[in-house]
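Observations on chain architecture
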Amino acid sequence: MPYYQQSVLTLWGRVGCLAQRPYSIVLPQRRTPFASLNGSAFMATKSEVIDNSKSIASSPPSYDTSSNIRIKCRQPSIFSFLSVRQRRATVLPRIRDLVSTTNLSPSSIELIANKCAYDLTATELSDLLQTLNIEGHTALYWAIVNHRQEAFSAFRLFISKLSSECSSDLRLACMRTSDHALFLKLNLQNTDAQDKSLRQFLGCPPDEIEVHDVRGLDDNQFVASFHIRMFQKRLCTTRKLKCEFIARGRIWSLGFEMGRKGKWIVGFGLSSPSLPVSPVCYSIVVETLTRKGESGRETPPKRVFKGGSKTCEQTHVPLGYIGKVDGEKFERTSWTLGDQLVTYDDLTDVDCDKILHAKLEMTLKKN
């Protein structure tokens, strides 16, 4: 018998053997690209450091991943006969349960999250979690608003980068819960791209923003402290610096920039999607720490600027707000700074670490 005929018979014989017994195809396991992510996965370069001992007394619960939830990613399968739409429709009710039910144990959350991860690929699940498909908001929004920390920590592992739509939704969620710490942790501030690039180039450490409620005096008061690193070099290069923070259910911003008349100015205002508000009084203090001095005899901070108002009848609105308000609209309140604070390299105006310290105190009008 010719050789090629023997080869054909041998091949058909092997196929026949396979047909007579069950077999299975084992796909190689793939390590999930999200397994090594931790709570800092969302931190960008301009991520502020929060000192919990200095932050709001009744701060919202932490969203750090501390429950040891293990998520297993699904392998894309050529044997799945369900369409993506069908699989999304199956997974979405489970996600709704995770972000709405109050009595789920960590083990139950892990089980349900793993089912979601098995039925969808990581990309499909990331897209589903960032879609406004639950009462007009994302699943992550409801996890924050309903204080489902474990569910939020489990689902955010599948999102390597937030979409602009999801970022806007999460800004709203942090504002609704007045969660300043999570707002910074997820890097939801609207920052200047040029300043972000410059900080990376300079190797500039993160700025620090601390927010304190003034308890025992007035529920509508707060104090925000800012520690802006490499202040002179950054501002002289970009001519604009802005820091966003959350206080009393609104997103605020403190900024330094070159004004229209060639003067450096400092000012504060509201950021979108905050609602209008009428400050009763406010003050801003800019100071530096020139020398540490000996222990117990440190040099007191040097105040280089102070501005404020004892009484105020303005209504502050976010930039571009078109709704009606009582009284005159103000998008920003600002003051002129001296040139020596920014232009001149004077170590008496910026401390040895090139850090500018500022403090904004605010009392809001009661509704």
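Residues numbered from 1 in each chain as written. Predicted model: local features only at pLDDT ≥ 70, side-chain atom pairs only at ≥ 80, totals over all residues. Heavy atoms only, no water.

Points about the overall build of the protein
When its secondary structure is counted, the protein shows ten helices and eleven strands. A total of 367 residues make up the protein; the buried ones form 44% of that total. Counting only contacts in the protein whose residues sit at least 6 apart along the sequence, the fraction spanning at least 24 positions is 71%. Here the protein displays about 20,700 Å² of accessible surface, and carbon together with sulfur accounts for 52% of that area. (Helix = DSSP H or I, 4+ residues; strand = E, 2+ residues; numbered from the N terminus. Buried < 20%, exposed > 50% of the residue type's maximum accessible area, 1.4 Å probe, protein only. Contact = heavy atoms within 4.5 Å. Areas by Shrake-Rupley, 256 points an atom, 1.4 Å probe, with all protein chains shown as cover.)

Observations regarding the packing of helix H9 (residues 193–202) against helix H10 (residues 231–238)
Orientation of H9 relative to H10, taken along the N-to-C sense of each, is 135°, at an axis distance of 10 Å. On the basis of their axis angle, the class for H9 and H10 is oblique. For the pair H9 and H10, the sense of crossing is right-handed. On H10, the residues touching Gln194, Asp195, Leu198, Arg199 and Leu202 of H9 are Lys233, Arg234, Thr237 and Thr238. (Axes fitted to C-alpha atoms, helices over the stretch in contact; angles between N-to-C directions. Parallel < 35°, antiparallel > 145°, perpendicular 65-115°, else oblique. Left-handed = near helix turned anticlockwise from the far one by under 90°.)

Here we look at the pattern of salt bridges
Scanning the entire structure with this criterion turns up ten salt bridges. A salt bridge links Glu124 to Arg87, with the shortest nitrogen-to-oxygen separation between them at 2.8 Å. Here the residue Glu124 occupies a position in helix H4 (residues 122–129), and Arg87 occupies one in helix H2 (residues 84–100), the gap between them amounting to 37 residues. Residue Arg87 is classed as buried on the basis of its relative accessible area of 10%. The salt bridge partner of Arg234 is Asp207, with a shortest N-O separation of 3.0 Å. Within this pair, whereas Arg234 is found in helix H10, its partner Asp207 is found in the loop between H9 and strand S1 (208–213), the two being separated by 27 residues in sequence. Of the residues examined, Arg234 reaches a relative accessible area of 1% and is grouped as buried. Look at the salt bridges and you will find they share partners, linking Asp195, Arg199, Asp207 and Arg234 into a network. (Salt bridge = Lys/Arg side-chain N within 4 Å of Asp/Glu carboxyl O.)

Details of H4
Side chains three or four residues apart in an α-helix point the same way, a direct result of the helix having 3.6 residues per turn. Counting buried positions along H4 yields six of eight residues, so the element is predominantly enclosed. Among the residues of H4, those classed as buried are Ala122, Glu124, Leu125, Ser126, Leu128 and Leu129. Check the buried side of H4 and you find it contacts H2, helix H3 (106–119), helix H5 (139–145) and helix H6 (149–155).

Observations regarding the sheet that holds strand S3 (residues 240–247)
Strand order in the open sheet made by the four strands is S3-S4-S5-S10, with antiparallel pairing throughout. Pairing within the sheet leaves two strands with one partner each, and these edge strands are S3 and strand S10 (333–336). When strand polarity is set aside, the average angle formed by the axes of neighbouring strands in this sheet is 15°. Alignment of strand S5 (residues 264–270) against S10, held across four bridges, turns out to be antiparallel. By the bridge assignment, Phe268 is partnered in S10 with Thr333. (Pairing = 2+ DSSP bridges.)

Here we look at the side chain of Ser126
With respect to the helices, strands and loops of the structure, Ser126 is situated in helix H4. Accessibility expressed as a relative area gives 12% for Ser126, which makes it buried. Here Gln130 takes part through its side chain, which lies 3.2 Å from a polar atom of the side chain of Ser126. Those residues in contact with Ser126 that sit more than four places away from it in its chain are Phe158 and Ile159. (Polar contact = N/O pair within 3.5 Å; in protein donor to acceptor, adjacent residues only side chain to side chain.)

Overview of the nonpolar core
Formed by 70 residues in total, the largest nonpolar core has its most connected members in Ile95, Phe226, Phe245, Trp252 and Phe256. Sorting elements by how many residues they give to this core places helix H7 (residues 164–177) first, with six residues. Among residues more than four places away in sequence, those in contact with Phe245 are His180, Phe183, Ile209, Val211, Phe222, Ala224, Phe226, Arg250, Ile251, Trp252, Ser253 and Leu360. (Core = buried A, V, L, I, M, F, W, Y, C linked by side-chain atoms within 4.5 Å.)

Details of the environment of Leu157
Position of Leu157 among the secondary structure elements: in the loop between H6 and H7. By relative accessible area, which is 14% here, Leu157 ends up buried. For the pair Leu157 and Ser126, spaced 31 residues apart in sequence, the C-alpha separation works out to 8.9 Å.

Considerations on the packing of H2 against H4
One can describe the packing of H2 onto H4 by two numbers: an axis separation of 11 Å at closest approach and a directional angle of 55°. As the angle between them shows, H2 and H4 are arranged oblique. Considering the relative orientation of H2 and H4, their crossing is right-handed. Of the residues in H4, those in contact with Val84, Arg87, Arg88, Val91, Leu92 and Ile95 of H2 are Glu124, Leu125, Asp127, Leu128 and Leu129. Here the residues of the contact of H2 with H4 are counted per class, giving seven nonpolar, no polar and four charged. (Nonpolar A, V, L, I, M, F, W, Y, C, P; charged D, E, K, R; others polar.)

Quick word on the confidence of the model for the protein
In low-pLDDT segments, the atomic positions of the prediction should not be examined closely. On average, residues of the protein score 76 in pLDDT, and 67% of them reach the 70 mark or higher. Across residues 3–58 the pLDDT falls below 50, and counting only partners more than four positions away or on other chains, this stretch makes 71 contacts in the model. (pLDDT = per-residue confidence, 0-100.)

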